[in-house]
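# Residue-level structural notes
Next come the chains, spelled out residue by residue.
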Amino acid sequence: MGYAEKRAYMRMSVDCEMQYRAVNSALFYPAHCTSLSGSGISFTAQHTFELGKAVEIHITPQNLVNAALTAFVEVTRVKPSMSANQYDIAAIIKTIKG
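Computed from a predicted structure; not experimentally measured. (Residues numbered from 1 in each chain as written. Predicted model: local features only at pLDDT ≥ 70, side-chain atom pairs only at ≥ 80, totals over all residues. Heavy atoms only, no water.)

What follows covers the nonpolar core. Ranked by internal contacts, the top residues of the largest apolar core, which has 21 residues, are Met18, Tyr20, Ile41, Phe43, Ile57 and Ile59. Counting only elements with at least two residues in this core, the list comes to β1 (12-22), β2 (29-36), β3 (40-45), β4 (54-59), β5 (69-80) and β6 (87-96). Residues in contact with isoleucine 59, not counting those within four places in the same chain, are Cys16, Glu17, Met18, Cys33, Ile41, Ala68 and Leu69. (Core = buried A, V, L, I, M, F, W, Y, C linked by side-chain atoms within 4.5 Å. Buried < 20%, exposed > 50% of the residue type's maximum accessible area, 1.4 Å probe, protein only. Helix = DSSP H or I, 4+ residues; strand = E, 2+ residues; numbered from the N terminus. Contact = heavy atoms within 4.5 Å.)

Quick look at the structure:
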């Protein structure tokens, strides 16, 4: 109603587990993906990141219909989550690993 969508790609609500790590780290941590589009992702994680920070994400689907996704993203928004000791993170997908 009077709202014009300005996104280049449609955002899909997602409810799946994923992993992330800072690019300069060898350790992956669990997270929860909440939305995904052709150019971005949002997820809930236990760590906060500085804006502009590079993060590697990995999503393994629970079914064989969808392919796994490994990508490098740039953090664009971080805010405390409603869950204790969690952060809502939004990021732009920069590179998808083949």
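On to the state of the cysteines. Enumeration over the complete set of coordinates arrives at zero disulfides. Considering cysteine sulfurs only, cysteine 33 is the nearest to cysteine 16, which forms no disulfide, with 4.6 Å between them. When its relative accessible area of 0% is taken as the criterion, cysteine 33 is described as buried. (Disulfide = S-S within 2.5 Å.)

Let's shift gears to the side chain of threonine 70. As for its placement among the helices and strands, threonine 70 is situated in strand β5. Side chain to side chain, threonine 70 and histidine 58 meet in a polar contact 2.4 Å long. The residues contacting threonine 70, other than those within four sequence positions of it, are Glu56, Ile57, His58, Thr95, Ile96 and Lys97. (Polar contact = N/O pair within 3.5 Å; in protein donor to acceptor, adjacent residues only side chain to side chain.)

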